[in-house]
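Commentary on secondary and tertiary structure
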Amino acid sequence: MKVLKSNLFTYNSDGPVRFVRIAGLSTETKPTAGLVSGSEFLEVDTGREFVLDAESDTPAWTERVYATAEVTPASP
């Protein structure tokens, strides 16, 4: 697992809280401690991206979903 980006966001009673962008394998445990919501994890072996929700009672990583739509050309 490699931290690609790390920015200090704030401090709390446990210490610094950071926004991070991490790259790692899908088999690795994604960290939650000391991270702010919106932090990102890229699984390099699957290409899947995850975003951290650290505001919930139990912080969790949620897979990022990109909306796709088919565009039908207008009739003349």
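Here the structure is shown first, and the text comes after it.
In short, a report on the structure. Every chain is numbered on its own, with residues counted from 1 as its sequence reads. Totals for whole chains, interfaces and linings use all residues, but because this is a predicted model, local features are given only for residues with pLDDT of at least 70 and pairs of side-chain atoms are given and counted only at 80 or more. With hydrogens and water stripped out, all remaining heavy atoms of the structure feed into the side-chain values.

Structural notes on the overall build of the chain
Segments assigned H or I by DSSP are reported as helices when at least four residues long, segments assigned E as strands when at least two residues long, and all are numbered from the N terminus. Within the chain one finds zero helices and five strands. Each helix and strand of the chain, placed in order from N terminus to C terminus, yields the pattern β-β-β-β-β. As defined in this context, the radius of gyration uses C-alpha atoms, and a globule is described by 2.2 Å times the residue total to the power 0.38. Here the C-alpha atoms of the chain give a radius of gyration of 16 Å, more than 25% beyond the 11 Å that 2.2 N^0.38 yields for 76 residues. For the chain, the spread of C-alpha atoms along the three principal axes comes to 65 × 25 × 25 Å. Only protein chains enter the accessibility calculation, which uses a 1.4 Å probe; a residue whose area is less than 20% of its type maximum is buried, one above 50% is exposed, and one in between is partly exposed. Counting the 76 residues in the chain, one finds 22% classified as buried. Only heavy atoms enter the contact rule, under which two residues are in contact if any of them lie within 4.5 Å. Sequence separation of at least 24 residues holds for 10% of the intrachain contacts in the chain that already meet a minimum separation of 6. Under the counting rule used here, the positive set is Lys and Arg, the negative set is Asp and Glu, and His together with the chain ends is not counted. By convention, the charge on Lys lies at NZ, on Arg at CZ, on Asp at CG and on Glu at CD. Of note, the chain has its 7 positive side-chain charges centred 8 Å away from the centre of its 11 negative side-chain charges.

Brief notes about the pattern of salt bridges
Any carboxyl oxygen of Asp or Glu within 4 Å of a side-chain nitrogen of Lys or Arg constitutes a salt bridge here. In this structure the tally under the stated criterion is five salt bridges. Measuring nitrogen to oxygen at the nearest pair gives 3.2 Å for the salt bridge that ties Glu 40 to Arg 21. Here the residue Glu 40 occupies a position in strand 3 (residues 40–43), and Arg 21 occupies one in strand 2 (residues 15–24), the gap between them amounting to 19 residues. For Arg 21, a relative accessible area of 21% puts it in the partly exposed group. Linking Arg 64 and Glu 40 is a salt bridge whose minimum nitrogen-to-oxygen distance equals 3.1 Å. Note that Arg 64 is positioned in the segment after strand 5 (60–63) and Glu 40 in strand 3, a separation of 24 residues in sequence. What makes Arg 64 partly exposed here is its relative accessible area of 27%. Owing to a relative accessible area of 17%, Glu 40 belongs among the buried residues under this scheme. Within this structure, Arg 21, Glu 40, Glu 49 and Arg 64 form a network of salt bridges that share partners.

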